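Summary of the model geometry
Here is how the chains run, residue by residue.
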Amino acid sequence: MIFAAIALMGSISLARLKLSLFPDLEFPRLTVLTPYSNVAPEEMENLVTRPIEDAVSSVNGVRKISSRSQEGLSIVEVDLEWGSSLDLAVINLRQKVDLAASLLPQDAGKSIIVKFDPAAAPVITLVARPTGVPFEKLRDHLDKAVRPFLERISGVASISILGGYQREIQVAVDSRRMFGHGLSLDQIIQSLGSSNFNFPAGNVKKGAREFTVRVMGDFQNLREIEDTVVSVSEGGTPVALKEIATVTDGFRERRGSTYYNGDPTVIVGIKKEPGKNTIETADNIRAALVDINKRFERSVSFDLIQDRSEYIRNAISSVRNSALLGGLIAFFVLFLFLKDVRAAVTVAASVPFAIIATFVLMFLRDISLNIMSLGGLALGVGMLVDNSIVVLESIYQQQEKYPERGSAANAINGTRAVIASVSASTMTSVIVFVPIIFVSGVAGAVFRDLAFTVSFSLFSSLFCAVSLIPMLAAALGASKSAGTRSGLFNRMANGINRNAAPFFEATEEFVENLRRRYVSALGFALRRPAPILGGGFARSAVGLLLLWPLEKQLFPEVDQGEVTAVMEQPGGTAMRDAEALMDRIHDFI
């Protein structure tokens, strides 16, 4: 009943474990973004970046400050000490940035503080193809009509739209007419801004009812913008905007473009909420995309061009298959060396139960199924059978010495004889990984799941070795004298053992040859201690020297089946020239 409950809890825990590529990493980095339109990088650094750097340098826990100033945008990155509370740091940083706002130019935009999230890349990337709307209006249609349907999908945090044309109402002022009326651009901007909003105008009572009055002032069409009064002449005649400027419904100047298969297009990136299951979110998006394509089939269609969950599925599947293959190989090795399928089945049965028990502990510790945790589980599979083999061999000895006691008594006595030794053996393995749990910094954040998973699997294997193995040994008759027992299972086991006898003999011969060679090599080494020790130290020194030039990195380079090419052109290159180059590259490919 106990192991049935463990199997049930493990199945439920496995179904609820989050799936991700890497462990959840929260880098202690905050970024302050401050826009200031049409300002060169040099002025941006002096007017915006430096005042913000001076302000945020006094925040507690700041380790390093770096900044970049580009046209129209100031980027200040603040690295904090590991272990700092990002929520508290955001509050403190916001206070300092708000105090520095008085030192910034009046036209500078409001600073935005964002957290660094390595999982902030889009989970799914779509390409939007116009089927009924002009390409020039596609982005505006996506932003107003389609975005709400995408953002309400479970697990979706935000939508980013790239490429296409962005609608813009353009006011081309005739400087001659403007100066002729004694106006300036600031006055025109102020007049347009003050005319384009709604505001409350109080309440009106009528009988027993009361109405809220609002003055509707926001622009509804181009004519209302053209008729906006921007000044009053000396004679009291109002001056409308159309008298000094031309108003057109156009598009914002493009600073970039996106292409798919050589055609200009609009790219839609969908990002997941922090902490959400990547694969589950991707599945929700795929399911919702079918309905969205049906709903907007007369205006736009979407094609999926990138799905990060596919790489995660493949990576996790590869690690899972490696663990299963390792367990299968371990079973056959046990079968060949123990020379009894009953013993191999008894030991192999402890592996899935130990893994299922590990899933329960992972769920309680809120560890996701990722490359590191599955790698730890695969690493633990090879260690899981060690305790079981020791316990089973002890039970063998008890059954050989005291066959009259019965299987249950021998299983209990055999387990009791080695429980201290297998516990000590398990603790010596666990103690190697425990310090990793307390490592700070990015290394601790990355490898903590590995340490926890290996430790959980080893503790689970110890529990199975001292509880499940004795029970199975007594029930299945896993002993060296079980060949005389009756019963269907024993008859099948005896048949398998007889058919595998040639393999047992080959294994025995291989082990005997290996033993003879080992004895010969050991004798050679004992007779010549000085050269052997000298050669060992020399090889160690050479290994240390070869370690020095090796490239060191946090994660290994992985092949995701994609090729990314980055091409830089001289500063000031026109947009049309850059697009022409991309066309030539596409034709070449």
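Above this text is the structure in question.
Residues numbered from 1 in each chain as written. Predicted model: local features only at pLDDT ≥ 70, side-chain atom pairs only at ≥ 80, totals over all residues. Heavy atoms only, no water.

1. Brief notes about the side chain of S309
The test is simple: Strands are runs of DSSP state E lasting at least two residues, helices are runs of H or I lasting at least four, and both sets are numbered from the N terminus onward. Here the term buried applies to any residue with accessible area under 20% of the maximum for its type, exposed to any over 50%, and partly exposed to those in between, with areas from a 1.4 Å probe on protein chains only. Between N or O atoms, a polar contact is any pair within 3.5 Å; within protein, one atom must be a potential hydrogen donor and the other a potential acceptor, and residues adjacent in sequence are included only when both atoms are from side chains. Contacts: residue pairs with any heavy atoms within 4.5 Å of one another.
Relative to the helices and strands, S309 resides in helix α9 (residues 308-338). For S309, a relative accessible area of 0% gives the class buried. Within the structure, S309 has its side chain in polar contact with the side chain of D307 (distance 2.6 Å). The contact partners of S309, leaving out residues within four places of it in the chain, are V123, T278, I279 and A282.

2. Things to note about the pairing of strand β2 (residues 62-70)
Note the cut-off: For two strands to count as paired, DSSP must find a minimum of two bridges between them.
As judged from the eight bridges shared by β2 and strand β3 (residues 73-80), these two strands associate in the antiparallel manner. By the bridge assignment for β3, S66 is matched with E77. Count of turn residues in the β2/β3 antiparallel hairpin: two residues, of which G72 carries a positive phi of about 80 degrees.

3. Section: the sheet that holds strand β5 (residues 124-130)
As a reminder of what qualifies: Note on definitions: angles span 0 to 180 degrees between N-to-C directions of axes, and those axes are lines fitted to C-alpha atoms, for helices only across the stretch in contact.
The sheet built from four strands is open, its strands ordered β6-β15-β5-β16 with antiparallel pairing. One side of each edge strand has no neighbouring strand; the edge strands of this open sheet are β6 (156-163) and β16 (300-307). Each neighbouring strand pair of the sheet contributes to a mean axis angle of 25 degrees, computed without reference to strand direction. In the sheet, β6 pairs with strand β15 (residues 266-272) via seven bridges, with the strands oriented antiparallel. Bridged to S160 within β15 is G269. The sheet contacts of helix α4 (residues 138-151) involve β5, β6, β15 and β16, and relative to β6 the element is tilted by about 165 degrees. Helix α8 (residues 278-295) contacts β5, β6, β15 and β16 of the sheet and is inclined by roughly 160 degrees relative to β16.

Bear in mind that shape data such as this cannot, by itself, settle questions of function.
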